[in-house]
Structures are given as structure tokens and as C-alpha cells.
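Reading the structure
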Protein chains: 2
Amino acid sequence: MKSRKITLSEKEIPNHWYNIVADMPNKPLPPLHPGTKEPIGPEALAPLFPMELIMQEVSAEKWIEIPEEVRDVYTMWRPTPMFRAHGLEKALDTPAKIYYKYEGVSPSGSHKPNTAVAQAYYNMKEGVKRITTETGAGQWGSALSFACNHFGIECEVYMVKISYHHKPYRKLMMNTWGANVYASPSDRTEAGRKILASDPDSPGSLGIAISEAVELAAQDPDTKYSLGSVLNHVLLHQTVLGQEALAQMEKAGDMPDVVVAPFGGGSNFAGIAFPFLRLNLEEGRSIRCVASEPASCPKLTRGVFRYDFGDTVGMTPLLPMYTLGHNFVPAPIHAGGLRYHGAGVVVSQLLKDNLIEAVSHDNLEVFDAGVQFARAEGIIPAPEATHAVATVIQEANRCKLEGKSETILLNLCGHGNFDMKAYEDYFAGNLVKHEVTSEEIEASLAELDTPIPG
Amino acid sequence: MKSRKITLSEKEIPNHWYNIVADMPNKPLPPLHPGTKEPIGPEALAPLFPMELIMQEVSAEKWIEIPEEVRDVYTMWRPTPMFRAHGLEKALDTPAKIYYKYEGVSPSGSHKPNTAVAQAYYNMKEGVKRITTETGAGQWGSALSFACNHFGIECEVYMVKISYHHKPYRKLMMNTWGANVYASPSDRTEAGRKILASDPDSPGSLGIAISEAVELAAQDPDTKYSLGSVLNHVLLHQTVLGQEALAQMEKAGDMPDVVVAPFGGGSNFAGIAFPFLRLNLEEGRSIRCVASEPASCPKLTRGVFRYDFGDTVGMTPLLPMYTLGHNFVPAPIHAGGLRYHGAGVVVSQLLKDNLIEAVSHDNLEVFDAGVQFARAEGIIPAPEATHAVATVIQEANRCKLEGKSETILLNLCGHGNFDMKAYEDYFAGNLVKHEVTSEEIEASLAELDTPIPG
């Protein structure tokens, strides 16, 4: 019997999150005030986030302790398993060794609860009564609903309208955990009403939903806001998964040559990659860390490095990031997730410094990969995850061509149980291959009048 | 940090299935030929099943070795985790200790692959090209699709029509693993056409779908049939989960006073209960094993012990079972699963001998329990599993009343990710409480002209 699953015990859940900022050769540039365009300090974030999360956001400490109460909730699904992908290796007839870390065993079925639980915990500690947030494909909204339910906090989710209508079961999952879910743009906020006035049929976007959630939090002292990716503290929390993966690779007596993860705002990628990048930065290793993004929303491979807003309306601080422009609305194809216009600050700086790599795949390529994975490994990947699967297959095929037995590690960030509509479209031949055009990207970027870094 | 998860290593996956027939004080009565009503031998089953499974069906060996190739596939998700339900205990304020074995981590999200993989393996070994089967809620059909895909066998699933239309994503999951799925009754079989002729709007039933699948297998030497519960060999394969649970309870330094599982045809219940019943039979322990069934399909609590057909049309052998009559069609409510008219032979005999217990719950009670569990433990249970959750809550409340700190073990057989429509109906107040009436049961049983055992 070939060994397939590499498990850890509860005691091996990491005690600390890893903050890569401490090890970065070039530190991230400061955020700017959306009005004055001057650098802002942590206090500017106080209306939106509890103080402990703001301190994490600006921290340069290398290790940040995970509170006992958070680790206790993590035991509901952590440590997550790692698998050797014997089935996929065989299907690809590759000399590469493929491993995947599987985060789909969490309550909401993805890696998102790793930070949702931490965020809800710090909000609870500081007496916050309600948290607002946005969600696209629904992975983040359901994770935060779960976490808020656990700590007795009200949760209000603004769900991108097209996704709200395509994924009623994601919404129901949030309802099951007691959250209120609204289709965005909604008429509940000024931001939403403004969008609806100019485009009553707007399919919504993450940027718009963020504007709505931020507006509500800014108005009410009992309400805070929560983001599921992009920000430093969110990326930080996700390193719990990569640290486990590192321990599991060591347990398997192996070490990746390539680490691959889907890329939306950066938390998924950071989660698995940063603990391995630490080895590069500390010990001079050369583990390749590859971010996989959709060709329909390719900020890393085709965006610009520029200060930009986190939301569409322009309420958030300006962040130095790879971006397609905050007015960019990705085509309403069903790839699900990974549809944010910008990349997290830390990941952007790492890419700028050539410490990580990025690739993109179109929507047909990723579903080809997803179905191949499901048949070979028995897990139907979330559409987000299929992007990384496509990269893994590409790397494994390269290994075959080059006759190299490299080790590839994949972050299989979630299952596709709530995304079968997308698979249905794929099987029915209704998925039209989509890549954003250069004209569309140029048009979106042309609207930017935000500062150019350095 | 309280310990919550009790895990086993791959090496602790059991090497043998446990065959309770060896230990039963009263052995099951023989099956009868559907025409002659005379006892039949194993050879009568040869058109439908590969010989190895038939040998298991009639075996009195206490331990049957699990083939290496089957254990190898099991490593894709086994050993499954066991959890201490700290959250539910707290929510119920009970002195009882509650544990649950979680089978939702399997590829198709339930315990069903435990036998699907074994059945597909033995069929593959004997050169079978195609397997037909039925599915109700879809758990079984997706498990067999997964298993057939793994061993390169074609899979043809007859899915109860109402479920086919209510659960398109279950169907898509089967398609993802390459299976062909048809709404039953279909016009592809004589059995289906006969039903459609008398009732064109038939919502279908498991009994009807079995008739269709059996008819096709009986006609073609390259095609065999596979059943997801009821039969001895199916119950046998599921004991892999109960044996793990026993090892996990020992690892936790505890032992259940009560073991609770949902009850449809018996494999779910047998899987967790038989290895604990072994301790009762071998060592005179008195672990209570409780089967939870829906009030809309209550064969154990309100059916009769009688010879009956396994299917609606009357093609299968007659089996001695607790039954509501093979023409019983449960009301088309969305409880999902557990809707078979009869109980497996071995479980029926155990109930008749008072070695196990049975209770029933109505559909509102089980969704109340399911939502309470989701909020306390973070896992949204499959509707099937909610029945056992309702029983566990009942037992935990009894412990509170009696001031007893008993240990309760639950088989949380699957997640509800594909069943959110049922939760939607529950939240929307559209679930009408349903229990079958005595008149309905009497009418169904009055049609039976099958032999009365003993």
C-alpha cells in the first residue's frame, strides 16, 4: 500500500503566524490617504478594524502568537491533510512528485476560515457587535459567517450580485450560520445606490461590494469591517496552512522545488508560499513560488504596479499594488473567485522584486484541469483551485519533457461542491474561452489618476 | 486548548471487515426465490453480482480481509477523523460526552464509498464492463460513480426522479466522475415503462429505480448490478468505519454507552454499530445501538417483519426484513435519503432479537437538530445525518435530566453541501411536518402476499 496521506496531530497546529515583512529585502511602501494622498498611520484604519488587527497590519515582528482561543477553533478542522497525488502523477505519466495540501476540509470548504476565525476573535475581544464584509464566489462570506456565529457576532455580507443569483446555496450556507446576505450593489448604501443609478443592471464586483461594506462600518461605532484577502494581517493568518505544509513535507522526507497556489488577492498564495519563501530568504534556498491567476483578471501578469484604491468608489486608503484599475469589472464568466482588481501589497512587492512568479490560465484550461484532477484524485476542486491545478499540470508536463523528478506542492484551497453550476456549463460546452483584451486593460488603467510609486 | 480531533494514521486503517453474522445468536433466514418462494443458494445471485461479493453475501466467516487495492483507495480519505463535540455539549448544557465519527471527508461526501470502492474493485477483478445502480438522494450514485471511475468501469445510475430534478448538482458530481445518470422511472427499461404507463407523473422511488437497474444487469453478461445498502456484503464493507471509531474511542480513553446512526437500508448504522455490538456479543457488554429513521418512512418502528421484495416490481429475491411493503412510496418531502421501504436482513434479525433499538423523528425535528449542529460544530450535516443528530440531542437531554455523564457516539455520515435546497425550504418555513399515517402503512402492507417467516 502506497502512503498517500500525511497527517499531523492537533499539537502540531502552529503556535505562531509567520510575518514575511520581517524578512523582506524591500519593505512595502506605506498606504496613502485617499484624499490627501499623504502616507497614513495605523490610526487611520481605526474606524474599520479592531486595534489588534491594525497592529498586525503594520507589524514587522517575524512571529505573531496565535491566541489559544483561535487555535482551539482551528482544531475543528486543522491540521488539514496533505496528500501525495499518486493518481494525478499516473494520469500525467510524469516523473514529478506532486503533493497537495487540502483546505477543503474546513467548515466552509476552503482556507478562508483560517483568517475569518482570527478576525472574528479579535473583534469579539474588542466588543464589536457586527461585522460587514463583501464576498464574490461566496467562499469568504461563508467563512466569516461561520466565524462570527462561533463568537456571537452579527455578520452582514454583501455578495456580488451575479454570484448571489448563481450560487443560492452559498447564500444558504451563510444563512445557516445566522448571517444576513444582500446582493451587491444594493440600495442599503450610498455606494450601492450610486452604482445602481448609473447601471441598474450592474452584475456587481468585489470592489463595489467592498465600498458598501466599508461605508456601513465607517458609519457605526459598533460595526467593523472585515476583508478576506489582500491585507497584510489576512495573509499573515493564512501562513498557518503553509507552516503545516512545511512540517508535512519534512515528515514525508521531501521538499518542494515548486509551490503553486491560486491567486485572487493573495491570501491563498501567501498562506502556502510564505513559509517556504522564508527558507529562500533565510537560507538562500531557491524554492519557486508560483501564483496562478485567471486570464480574465490578470493583475499580476498584465497589470501595473501602482497606487490604487482597494474598492471601486475610492473610500479605502491607496495601496501600492499590481492592479488592473479599481474600476475594472471582470467579465461575468463562471470561473468564480479570483476576480479582484488588485493584488495584496506584500505579494506585489515580492513580485516586483522577482522573489515570486506568476502565470495565468484561461477558463477552459482550468476546467480541463479541474475535471482531470477530480477523476484522478477524487476531489472536485473549487474553480479557484483549478487555476493552480492547471499550473501544476503544466509544471509536471515540463518535468516529463525535461526528464526531471521535481517535487511540486499545490495548495488545493477548497472543494467545488458549491460550484457545480460552473462544471455544468463546462460539460454542456457553454463556457466560452475568455481572456481580457489589452484594450480593456488599457482603458481601465487610463482612468487611474492615482500616484505612481517611487 | 481542549483536544477535539482524534485521528489515526494510514497504518491504522483496518485490515479486515467484521462480519457480524458469525456472532449472531439467531442467523438470518434464507432468501426465497421470487417465483417459487423456495430458499435459494448463492448461484441465484450470479447474474447480478460478481462471485466474490456473492461469497461475502453468504459468508459466516467472522473476519474478511480487505484487499490491498481497496485499502489503497481508502487512503484517499481514510482513516476519517473523530471529533469530540464540545460545541454541541455546551449548546445543550449536558453532562453527556458526545463524539462523532465524520465520514463527510470522503470524495463524494458520505460513508458510501467504503462499499462502492470494494464493489467496483471485485467487479473489475472479474472483468465486468458496466455497473448499473439506483440512487435516491444521490449519495450512493455519486459514491459508485467515483469508484467506477477509479477502476475504469462504466457506471449507469437510475436516480429517483424527484431527486434528479431537485438535486442537479448531485447529478453533475456523478457526471464529473464520468457516469451516465437517468431520471427513474425512465423509458429505458420495461420496469420503468410499466410504471410510467400507469403513472406518467410518478416521482419515482428507490424500489422502482432498483427494478430498472436490476433489469438491465440481468439482460447483459458484461453488466452487473450494485446496491448501496441493505445487503450483507454492503453492511460488511461499512464496518471499516466502526472499527476505526472503536480504535479512536480507545485512543480517547473512553467507550460509548450509546451508539447512534441514521437508518435507511442499514449500512450506515451497521458501519458504526456492528464493531461495538461485537463487544456486546463477545464480552457481554451492553452498549446501546440506536437506529434513527424518518417518521415518513418508519420501517423499523412501524413496519412488520416479513419476507418482501427488495424492489417494487418484484424481480429480486424475497428477503426476511422489517418492511412497509415494496409498493410503499414515501411522501415527496425533502428529507432526502433514508427512503427505502425495507431494512437489511441482518439488521432486521438483530432488531427482532432486541439486540438493537430504533427511534423515528419527523422532518422538522431533524432540521432543527441539523441547524443546531451546524451552529455548534461548524459542519452542516446531510439530511440523512440530521436524523441521528436528533436522536443524539434527545439522548443528551435525557442525560441532563437524569444527571448522567454518559458517552454518546454519533455516525455523522455526510455533509449537506448538496442538500441546501432542503435547508432553504426549512428556513423559508416551507417544510410541513410529515408522519406517515397508520392507514397508509396498513394499506401498503395489505397488498403484501409474500410469505410470513417462521
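Residues numbered from 1 in each chain as written. Chains lettered and ligands numbered in written order. Predicted model: local features only at pLDDT ≥ 70, side-chain atom pairs only at ≥ 80, totals over all residues. Heavy atoms only, no water.

Let's talk about the overall build of chain A
- Looking only at helices and strands, chain A features 17 helices and 15 strands.
- Its C-alpha radius of gyration of 20 Å places chain A within 12% of the 22 Å reference for a compact globule of 454 residues.
- For chain A, the C-alpha atoms occupy an extent of roughly 60 × 50 × 45 Å along the three principal directions.
- Sorting the 454 residues of chain A into buried and exposed places 67% on the buried side. (Helix = DSSP H or I, 4+ residues; strand = E, 2+ residues; numbered from the N terminus. Rg over C-alpha atoms; globule rule 2.2 N^0.38 Å. Buried < 20%, exposed > 50% of the residue type's maximum accessible area, 1.4 Å probe, protein only.)

A closer look at a nonpolar patch on the surface
All names here are of chain A.
- Side chains of Met51, Met55 and Val58 sit close together on the surface and give an oily, nonpolar patch of about 260 Å² of accessible area.
- Following the sequence through the fold, Val58 ends up in the loop between α1 (51–57) and β3 (63–65).
- Taking the relative accessible area as the measure of exposure, Val58 reaches 48% and is therefore partly exposed. (Patch = residues over 30% accessible without salt bridge, like charges linked within 9 Å, V, L, I, M, F, W, Y side chains within 5 Å. Areas by Shrake-Rupley, 256 points an atom, 1.4 Å probe, with all protein chains shown as cover. Salt bridge = Lys/Arg side-chain N within 4 Å of Asp/Glu carboxyl O.)

Brief notes about the relation of the copies chain A and chain B
- Between chain A and chain B, which share one sequence, the superposing operator has a rotation angle of 180° and an axial displacement of 0.0 Å; the RMSD is 0.0 Å. Considering both components of the superposition, the chain copies are consistent with a two-fold axis.
- Take the interface residues of chain A: 100% of them recur as interface residues in chain B, which is what a same-surface contact looks like. (Least-squares fit on C-alpha atoms with pLDDT ≥ 70 in both. Contact = heavy atoms within 4.5 Å.)

Concerning the interface of chain A and chain B
- At the junction of the two partners, chain A supplies 42 residues and chain B supplies 42 residues.
- Interface area for chain A against chain B, summed over the two sides, is near 4100 Å², with a carbon-plus-sulfur share of 55%.
- Considering only the surface of chain A that becomes buried against chain B, Met1, Tyr169 and Thr176 of chain A emerge as the three largest contributors, covering 19% of it.
- Inspection of the region where chain A meets chain B yields two salt bridges.
- Here Arg4 of chain A ties to Asp72 of chain B by a salt bridge, and the two come within 3.4 Å at their closest N and O atoms.
- Inspection of the region where chain A meets chain B yields 26 residue pairs in polar contact (both at pLDDT 80 or more).
- In terms of residue class, the side of chain A that touches chain B is built from 20 nonpolar, ten polar and twelve charged. (Buried area = accessible area lost by both parts, 1.4 Å probe. Polar contact = N/O pair within 3.5 Å; in protein donor to acceptor, adjacent residues only side chain to side chain. Nonpolar A, V, L, I, M, F, W, Y, C, P; charged D, E, K, R; others polar.)

Brief notes about the environment of Gly266 of chain A
Residues and elements named next belong to chain A.
- Looking at where Gly266 falls in the secondary structure, it is placed in the loop between β10 (258–262) and α11 (267–283).
- Along the backbone, Gly266 and Val230 are 36 residues apart, and their C-alpha atoms lie at a distance of 5.6 Å.
- Those residues in contact with Gly266 that sit more than four places away from it in its chain are Ser229, Leu235 and Val347.

Overview of the sheet that holds strand β4 (residues 82–84) of chain B
All names here are of chain B.
- Taken together, seven strands build an open sheet; the order of strands is β1-β4-β5-β15-β10-β11-β14 and the sheet is mixed. Lying at the two open borders of the sheet, with one neighbouring strand each, are β1 (5–6) and β14 (357–361).
- Relative to strand β15 (residues 407–412), strand β5 (residues 97–102) is paired through six bridges, and the arrangement is parallel. When the sheet's bridge partners are listed, Lys101 is paired in β15 with Asn411.
- The sheet contacts of helix α11 (residues 267–283) involve β5, β10 (258–262), β11 (288–294) and β15, and relative to β10 the element is tilted by about 160°.
- Relative to the sheet, helix α14 (residues 363–377) contacts β4, β5, β14 and β15, its axis offset from that of β14 by approximately 95°. (Pairing = 2+ DSSP bridges. Axes fitted to C-alpha atoms, helices over the stretch in contact; angles between N-to-C directions.)

Regarding the domain arrangement of chain A
Residues and elements named next belong to chain A.
- You can read the domains of chain A as domain 1 (5–10 + 78–109 + 241–445) and domain 2 (17–66 + 112–225).
- Taken together, the contact between domain 1 and domain 2 spans 47 residues of the former and 47 residues of the latter.
- Taking both sides of the interface into account, the surface hidden between domain 1 and domain 2 amounts to around 3700 Å²; carbon and sulfur atoms contribute 69%.
- The largest per-residue losses of area from domain 1 upon contact with domain 2 belong to Ser108, Met315 and Phe418, which jointly make up 17% of the total buried on that side.
- Applying the counting rule to domain 1 against domain 2 returns two salt bridges.
- For Glu282, the salt bridge is made with Lys62, and the minimal N-O distance between the two is 2.5 Å.
- The tally of links between domain 1 and domain 2 comes to twelve residue pairs in polar contact (both at pLDDT 80 or more).
- In terms of residue count, α11 provides more of the side of domain 1 that touches domain 2 than any other element does, seven residues in total.
- Across the side of domain 1 that touches domain 2, the residue classes tally to 24 nonpolar, 14 polar and nine charged. (Domains from an automatic or database assignment.)

What about the confidence of the model for chain A?
- Scored by pLDDT, chain A has a mean of 95; 99% of the residues are at 70 or more.
- Confidence estimates for the predicted assembly give a pTM of 0.95 and an ipTM of 0.94. (pLDDT = per-residue confidence, 0-100.)

Some thoughts on the packing of aromatic side chains
All names here are of chain B.
- Enumeration over the complete set of coordinates arrives at 31 aromatic pairs over all chains.
- Here Tyr100 and Phe373 contribute two aromatic rings whose centre-to-centre distance is 5.1 Å and whose plane-to-plane angle is 70°, an arrangement assigned as edge-to-face. Of this pair, Tyr100 sits in strand β5 while Phe373 sits in helix α14, placing them 273 residues apart in sequence.
- With centroids separated by 5.4 Å and ring planes inclined at 55°, the aromatic side chains of Phe305 and Tyr322 adopt a geometry described as tilted. Taken together, the positions of Phe305 in strand β12 (residues 304–309) and Tyr322 in strand β13 (residues 318–323) put the pair 17 residues apart, joining distant regions of the chain. The pair Phe305 / Tyr322 is uniform in exposure class, with both members buried. (Phe/Tyr/Trp six-rings, centres within 6.5 Å; stacked < 30°, edge-to-face > 60°.)

Some points on the sheet that holds strand β8 (residues 180–184) of chain A
Residues and elements named next belong to chain A.
- Strand order in the open sheet formed by four strands is β8-β7-β6-β9, with parallel pairing between adjacent strands. Each of the sheet's edge strands pairs with one partner strand only, and the pair in question is β8 and β9 (223–225). When strand polarity is set aside, the average angle formed by the axes of neighbouring strands in this sheet is 25°.
- Running over the sheet, helix α5 (residues 139–151) touches β6 (130–135) and β7 (154–160) and is turned about 160° from β6.
- Here helix α7 (residues 168–176) sits on the sheet and contacts β6, β7 and β8; the angle it forms with β7, its principal contact strand, is near 175°.

Structural notes on α5 of chain A
All names here are of chain A.
- Its 13 residues give α5 an end-to-end C-alpha distance of 19 Å, which sits within 8% of 18 Å, the value for a rise of 1.5 Å per residue.
- Here α5 lies mainly inside the structure; eleven of its 13 residues are buried.
- Residues of α5 that are buried include every one of Gln139, Trp140, Gly141, Ser142, Ala143, Leu144, Ser145, Phe146, Ala147, Cys148 and Phe151, and no others.
- In this structure, the buried side of α5 is in contact with α2 (68–74), α4 (113–125), β6, β7, α7 and α15 (383–402).
- Just downstream of α5, Gly152 is the residue with a positive phi angle, here 70°. (Expected span 1.5 Å × (residues − 1).)

Side note on the pairing of strand β6 (residues 130–135) of chain B
All names here are of chain B.
- By the criterion of burial, β6 is predominantly enclosed, with five of the six residues buried.
- Bridge count between β6 and strand β7 (residues 154–160): six bridges; the pairing is parallel. Of the residues in β7, the one forming a bridge with Thr135 is Met159.
- One crossover worth recording links β6 to the parallel β7 by way of helix α5 (residues 139–151), and it is right-handed.
- Relative to strand β9 (residues 223–225), β6 is paired through three bridges, and the arrangement is parallel. The residue bridging Arg130 from the neighbouring strand is Thr223, located in β9. (Right-handed = clockwise from strand over helix to strand, strands pointing away.)

Some thoughts on the packing of α11 of chain B against helix α13 (residues 345–352) of chain B
Residue and element names in this part refer to chain B.
- α13 packs onto α11 with a crossing angle of 50° between their chain directions and a minimal axis gap of 12 Å. Viewed along their axes, α11 and α13 adopt a mutual orientation that is oblique. Crossing geometry of α11 relative to α13 is assigned as left-handed. Where α11 approaches α13, its residues Phe269, Phe274 and Leu277 are matched on the opposing element by Val346, Val347 and Leu350.
- For the contact of α11 with α13, a count of residues per class yields six nonpolar, no polar and no charged. (Parallel < 35°, antiparallel > 145°, perpendicular 65-115°, else oblique. Left-handed = near helix turned anticlockwise from the far one by under 90°.)

Digging into helix α8 (residues 190–198) of chain B
All names here are of chain B.
- For α8, every residue scored as buried is listed here: Ala191, Gly192 and Ile195. Projection of α8 onto a plane perpendicular to its axis shows the buried side chains occupying an angular sector of 100°, all on one side. Turned more than 90 degrees away from the buried face of α8, the exposed residues are Glu190, Lys194 and Ala197.
- Where α8 is buried, its residues meet α9 (206–219). (Arc of directions from axis to C-beta.)

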